[in-house]
Amino acid sequence: MSEKPRTLSAVERAAGEARLTEAELLARIDNAPFGPKAQALAHRAARCESLGNVGWGLFPVAPVIERGEGSLLYDVDGRRYIDLLSGFSASGLGNCHPAVTEAIREQAGRLAHFFDFPHPERIRLAERLGGLSGIEGETRVLFGTTGSDGVESAVKTARFYTGKPYVLVAKGDYHGASFGTVGLTSRRGMNAAYFPGGTDAHVGFFGFPHEYRASLPDPEFGGFGMEALDELERSLKGTFSPYADGSGNLVAAILVEPFQSSSGYYVPPRGYLKRLRDICDEHGILLAVDEVQTGLGRTGKLWGYEHSGIRPDLLVTSKTLGGGLPLSALVARAEVLEAWRPTAHINTQAGNAVACAAAHVVLDLVTAPGFLDEVDRRGERFKTGLDRIAARHPSLGYIDHTGIYLGLEFVSDPVRKTPDPALVSRIRTVGLQRGLLLDHGGYFGNRIPLIPALNIPYELIDETLAALDETIGEAEEGAS
Ligand SMILES: Cc1ncc(COP(=O)(O)O)c(C=O)c1O
């Protein structure tokens, strides 16, 4: 590393985020609440891995985890953490679930991978996913490895099928950070941070509604009402119509997260997806739902979209699906995916046999009778405890909650709803010291999503709530 502190580039200034200087980086590592092995490895990571990695943004220094067991993680010094990230849902059923691990071992000894070609596990998985997707009529499945490539495939095939260029996405949605998806992603700062990389030229954005900030008089922190969808409809007859009379439109698909996850676990008002479905139907547009994070039980239903009583045309799933291994699947109405000729699409690592074997166990578990009811019960246990915490700490201004989909919003003034990102930053630091692995987000940097495993034991829920209560208290004291 160079001795000279690096300076801000124009892009970083635009994104509002400063690059780390070497001195800041070393101070972060030296002050991290880790043991000697983790400290040493963090120094090595800083010298060999990209500082653009999310770990350097989520934590001052990410803990170096060696072992996972259900909802617990252990770092290289044996420190115990409650996993409230679940790999952003990639470990949605906990770390090293015994049945998933067994299936992985067994399949690895039989067939690990067969290029992007069919094998028994994969064919059976496509059949199961098609049936479970809830998409009307015949379906087809296209496998991939990551959420991003699943989304890219959805956009590619929607454009090819319709012959139209535009994809409309909600502001704040996260659909990936790969070259093909970052233009669709408007989560705080991520799109700007990609400059001068290419972004998608044919993307339009519309506002994502959220009840807590729908009707705030303060324009700086409000304006998240459903009227955003009126504006979207107007734009279809204006911006996206090639004709002066507003007829027709050049929109292939509306692509949305049913609930907005990476931005901070926001639950939209009930009518959100229904209104989008109606708009799509009226204007001949495909509706694609990105269930990469909301899917497979997180919201207490198999898919997040089910809360709205609609059916999508395309659905992307990943994360929890692979039981900890990389796997994604695009499920679509048959005619949409069949528009492609053979070899139109290829992905060497797609539909890996070991990952497919793990996915079967995941599907067995999340579709087992009573599983989703249990998700709801665990979510309720969290919500009851969080309400008690909010009563003691008015800084916890709002709690988004559906199933175990939990987003906590922190404010310095509960009446004006003034965001408190500094408090969130202290909560994360104190939480890490207390062994809580917490995410953060929010349009104003003032939210903490809780993303535990869907089967987190009740005693760990209670331990989390008690630790969170103390953590918030200590973080609040830090402000005075
Ligand atoms: C809703 C959503 N879509 C897409 C992605 C991208 O998935 P991946 O990181 O596996 O490419 C994510 C990742 O967080 C996501 O939450």
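Bear in mind that the values here come from a model prediction, so they are computed numbers and not experimental data. (Residues numbered from 1 in each chain as written. Predicted model: local features only at pLDDT ≥ 70, side-chain atom pairs only at ≥ 80, totals over all residues.)

**A word on the site of the ligand**
The immediate surroundings of the ligand are formed by 15 residues, with Thr146, Gly147, Ser148, Val292 and Gln293 found nearest. Here the shell around the ligand takes 3 residues from helix 7 (residues 147-162), the largest share from any one element. Looking at the shell around the ligand residue by residue, the class counts come to 4 nonpolar, 9 polar and 2 charged. (Near = placed C-beta within 6 Å. Helix = DSSP H or I, 4+ residues; strand = E, 2+ residues; numbered from the N terminus. Nonpolar A, V, L, I, M, F, W, Y, C, P; charged D, E, K, R; others polar.)

**Quick look at the nonpolar core**
When a protein is soluble and globular, its nonpolar side chains tend to lie buried together. Ala158, Ala253, Leu255 and Leu286 are the most contacted members of the largest nonpolar core, which totals 108 residues. Sort the elements by how many residues they give to this core and helix 12 (residues 353-367) lands first, with 9 residues. Composition of this core by domain shows at least three residues from each of domain 1 (63-96 + 371-477) and domain 2 (99-367). Apart from residues no more than four positions distant in its own chain, Ala253 is found in contact with Val155, Ala158, Val167, Ile285, Leu286 and Ala288. The next biggest cluster of nonpolar side chains, apart from the first, holds 7 residues, and it includes Ala32, Phe34, Ala42 and Val64. (Core = buried A, V, L, I, M, F, W, Y, C linked by C-beta atoms within 7 Å. Buried ≥ 20, exposed ≤ 12 C-beta atoms within 10 Å, placed from the backbone. Domains from an automatic or database assignment. Contact = placed C-beta atoms within 7 Å.)

**Re the domain arrangement of the protein**
By a widespread convention, an interface's size corresponds to the accessible area lost as its parts come together. Taken domain by domain, the protein holds domain 1 (63-96 + 371-477) and domain 2 (99-367). Between domain 1 and domain 2, the contact holds 32 residues from the first and 32 residues from the second. Counting residues per element, the ones that place at least two in the side of domain 1 that touches domain 2 are helix 13 (371-392), strand 11 (396-402), strand 12 (405-413), strand 13 (418-419) and strand 15 (447-450). Broken down by element, the side of domain 1 that touches domain 2 gets its largest block of residues, 5 residues, from helix 13.

**Observations regarding the pairing of strand 4 (residues 139-144)**
Each regular strand displays side chains that alternate between the two surfaces of the sheet. Here strand 4 lies mainly inside the structure; 5 of its 6 residues are buried. Sheet topology places strand 4 next to strand 10 (residues 328-333); 6 bridges connect them, and they run antiparallel. The residue bridging Val141 from the neighbouring strand is Val331, located in strand 10. (Pairing = 2+ DSSP bridges.)

**Digging into the sheet that holds strand 3 (residues 80-83)**
Within a sheet, neighbouring strands are paired by backbone hydrogen bonds and run either parallel or antiparallel to one another. The mixed open sheet is built from 4 strands, whose spatial order is 1-2-3-14. The open sheet has two edge strands with one neighbour each: strand 1 (65-69) and strand 14 (436-437). As judged from the 2 bridges shared by strand 3 and strand 14, these two strands associate in the parallel manner. Bridge pairing links Asp83 to Leu437 in strand 14.

**Remarks on the environment of Phe410**
Considering the arrangement of structural elements, one finds Phe410 in strand 12. Given 28 C-beta atoms within 10 Å, Phe410 falls into the buried group. As for Phe410 and Ser395, which are separated by 15 residues in sequence, their C-alpha atoms are 5.2 Å apart. Not counting chain neighbours up to four residues away, the residues in contact with Phe410 comprise Ser395, Leu396, Gly397, Asp420, Leu423, Val424 and Asn446.

**Some thoughts on the packing of helix 13 against helix 15 (residues 458-477)**
Angle between the axes and distance between the axes are the two parameters that describe a pair of packed helices. Their axes nearest at 10 Å, the elements helix 13 and helix 15 cross at an angle of 20 degrees. Between helix 13 and helix 15, the angle falls in the class roughly parallel. Helix-helix and strand crossings are classified by hand; for helix 13 and helix 15 the assignment is right-handed. Where helix 13 abuts helix 15, its residues Arg378, Arg381, Phe382, Gly385, Ile389 and Arg392 lie against Tyr458, Ile461, Leu465, Leu468, Asp469 and Ile472. (Axes fitted to C-alpha atoms, helices over the stretch in contact; angles between N-to-C directions. Parallel < 35°, antiparallel > 145°, perpendicular 65-115°, else oblique. Left-handed = near helix turned anticlockwise from the far one by under 90°.)

**Details of the sheet that holds strand 4**
Reading across from one edge, 4-10-9-8-7-5-6 is the order of the 7 strands in this open sheet, with mixed pairing throughout. Of all strands in the sheet, those bounded by a partner on one side alone are strand 4 and strand 6 (203-206). Neighbour to neighbour, the strand axes of the sheet diverge by 20 degrees on average, direction disregarded. Relative to strand 8 (residues 286-290), strand 7 (residues 251-256) runs parallel, the two being bridged by 4 bridges. Its bridge partner lying in strand 8, Ala253 is registered against Leu286. Relative to the sheet, helix 7 contacts strand 4, strand 5 (166-170), strand 7, strand 8, strand 9 (314-317) and strand 10, its axis offset from that of strand 10 by approximately 25 degrees.

**Re helix 6 (residues 120-132)**
Residue pairs three or four apart in sequence face the same way in an α-helix, which turns once every 3.6 residues. Between its first and last C-alpha atoms helix 6 spans 18 Å; for 13 residues at 1.5 Å apiece the expected length is 18 Å, and the two agree. For helix 6, the full list of buried residues reads Glu121, Arg122, Leu125, Ala126 and Leu129. Summarising the axial view, the buried residues of helix 6 lie within an arc of 130 degrees, below the 170-degree limit, and thus occupy one face. Structural note: helix 6 exposes Pro120, Glu127 and Gly131 on the side pointing more than 90 degrees away from its buried face. In this structure, the buried side of helix 6 is in contact with helix 5 (98-108), strand 4, strand 10 and helix 12. After helix 6 finishes, the residue Gly134 shows a positive phi value of roughly 80 degrees. (Expected span 1.5 Å × (residues − 1). Arc of directions from axis to C-beta.)

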